Protein chains: 2
Amino acid sequence: MYTIGEVAQLLGVSTHTLRYYEKEKIILPDRNEHGDRIYSESHLQWLKFDLKLKETQMPITKIKEYAYLYTEGEHTAINRLKLLEDHKSSIENQLKTLEETHKMLEHKITSYKEMILKRDEGVTKA
Amino acid sequence: MYTIGEVAQLLGVSTHTLRYYEKEKIILPDRNEHGDRIYSESHLQWLKFDLKLKETQMPITKIKEYAYLYTEGEHTAINRLKLLEDHKSSIENQLKTLEETHKMLEHKITSYKEMILKRDEGVTKA
DNA sequence: ATATGGGTTAGAGTAAACTCTAAGTCAAAT
DNA sequence: ATTTGACTTAGAGTTTACTCTAACCCATAT
């Protein structure tokens, strides 16, 4: 069981952000007798997953949608499946772009190194 | 040689965006006798590269910096090299996150499919 | 006693990257 | 003649995802 501050620390987000996610109904932690938010292990896992979705460019609106469907129960399973499959495709596209660009950069970096080397040889000779 | 509208079409950006990039000194196309922007093949290649950087999460400020260093001449080659190497690292981190999340999604998707299948079997039997 | 960390509402502010509007000009094509 | 696509300046507006402030309350730890 974690307080908001502990969760913030653990996940590297601010307490502001956690309250904002709650306002957006992305996570709904429990409360203790004082009204303080209490996050369980499963809340933490949920948040971690959400942050992975965010890191992989899923917009907050989609994450909200997923969370909403979740609260709506089992009959939304197909919708959630669809949403996750769409995101999987998106990730595959991103991977493609990143791999391509990675290759381009490797080439450019090699060229730059050669260029600098030749230039510096020239300087040494002069 | 391309007009701004042609470049916009080819690259899938708006003419607004191209003028904005020019204001930000990311691309500086030539002009014809009427003052219309004229983009050469190399301008196009430059833009394509910039868009790849953008797609791989390089902020516009960094792209501007790279463009600025370029205009400053050969003595900035080491700085440009450093910038590209940093971005290569960033891409490697993104790849890691995406691959991890891709795996997570594959698992979740499998679970969902099983869950839906079992549920529908139940319905058929009832 | 006071500092720390938690709570609230309501709303303002921020940064990034566009995106668009107004209001006018100019040239080529139909 | 008019539509189309180009140009200009200057600045306003939009979206996303926070981020923070005010102003006040409550409980635990030092």
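Calculation notes
- Residues numbered from 1 in each chain as written.
- Chains lettered and ligands numbered in written order.
- Predicted model: local features only at pLDDT ≥ 70, side-chain atom pairs only at ≥ 80, totals over all residues.
- Heavy atoms only, no water.
- UniProt positions renumbered as here; feature names shortened; annotations may be inferred.
- Helix = DSSP H or I, 4+ residues; strand = E, 2+ residues; numbered from the N terminus.
- Near = heavy atom within 4 Å.
- Polar contact = N/O pair within 3.5 Å; in protein donor to acceptor, adjacent residues only side chain to side chain.
- Nonpolar A, V, L, I, M, F, W, Y, C, P; charged D, E, K, R; others polar.
- Buried < 20%, exposed > 50% of the residue type's maximum accessible area, 1.4 Å probe, protein only.
- Domains from an automatic or database assignment.
- Contact = heavy atoms within 4.5 Å.
- Buried area = accessible area lost by both parts, 1.4 Å probe.
- Axes fitted to C-alpha atoms, helices over the stretch in contact; angles between N-to-C directions.
- Parallel < 35°, antiparallel > 145°, perpendicular 65-115°, else oblique.

Per an unreviewed UniProt entry, the recorded name for chain A is MerR family transcriptional regulator, and the organism is Peribacillus loiseleuriae.

UniProt feature "domain: HTH merR-type" (unreviewed entry): in the numbering of this structure it lies at residues 1–69 of chain A. With 61% helix and 6% strand, the stretch residues 1–69 of chain A has end C-alpha atoms that lie 25 Å from each other.

DNA strand C sits among 16 residues. The nearest are Gly5, Arg19 and Arg37 of chain A together with Tyr21 and Ile60 of chain B. In the environment of DNA strand C, a phosphate oxygen lies 3.4 Å from a nitrogen or oxygen atom belonging to the side chain of Thr3 of chain A. Contact between DNA strand C and Arg31 of chain A: a phosphate oxygen at 3.1 Å from a side-chain N or O atom of the residue. Listing elements by their share of the surface near DNA strand C, those giving two or more residues are helix 1 (4–11) of chain A together with helix 2 (15–23) of chain B. With four residues, helix 2 of chain B is the largest single contributor of residues to the surface near DNA strand C. In terms of residue class, the surface near DNA strand C is built from five nonpolar, six polar and five charged.

Now for the environment of Ser42 of chain B. All names here are of chain B. Residue placement: Ser42 occurs in helix 3 (residues 41–55). Judged by relative accessible area, Ser42 falls into the exposed class, the value being 52%. In this structure, the C-alpha to C-alpha distance between Ser42 and Val7, residues 35 residues apart in sequence, is 12 Å.

Turning our attention to the domain arrangement of chain A. Residue and element names in this part refer to chain A. According to the domain assignment, chain A contains domain 1 (1–71) and domain 2 (77–126). On the side of domain 2, seven residues touch domain 1, which itself brings ten residues to the contact. Buried surface at the junction of domain 1 and domain 2, summed over both partners, amounts to about 790 Å²; 76% is from carbon and sulfur atoms. Considering only the side of domain 1, the residues that lose the most area to domain 2 are Thr56, Tyr66 and Leu69, jointly responsible for 55% of the buried surface there. At the boundary of domain 1 and domain 2, one finds two residue pairs in polar contact (both at pLDDT 80 or more). Within the residue set of the side of domain 1 that touches domain 2, elements represented by two or more residues are helix 3 (41–55) and helix 4 (60–71). For the side of domain 1 that touches domain 2, the class distribution of residues is six nonpolar, two polar and two charged.

The next subject is the protein's contact with DNA strand D. Surveying the vicinity of DNA strand D reveals 16 residues, the closest of which are Tyr21 and Ile60 of chain A together with Gly5, Arg19 and Arg37 of chain B. The share of sugar and phosphate among atoms of DNA strand D within 4 Å of the protein is 83%. Contact distances for DNA strand D include 3.4 Å between a phosphate oxygen and a side-chain N or O atom of Thr3 of chain B. The contact in question runs from a phosphate oxygen of DNA strand D to an N or O atom on the side chain of Arg19 of chain B, over 2.4 Å.

This paragraph deals with the packing of helix 1 of chain A against helix 2 (residues 15–23) of chain A. Residue and element names in this part refer to chain A. At a minimum axis distance of 9 Å, the contact between helix 1 and helix 2 shows a crossing angle of 105°. Comparing the axis directions of helix 1 and helix 2 gives the class roughly perpendicular. Where helix 1 abuts helix 2, its residues Ile4, Gly5, Val7 and Ala8 lie against Thr15, Leu18 and Arg19. Partitioning the contact of helix 1 with helix 2 into residue classes produces four nonpolar, two polar and one charged.

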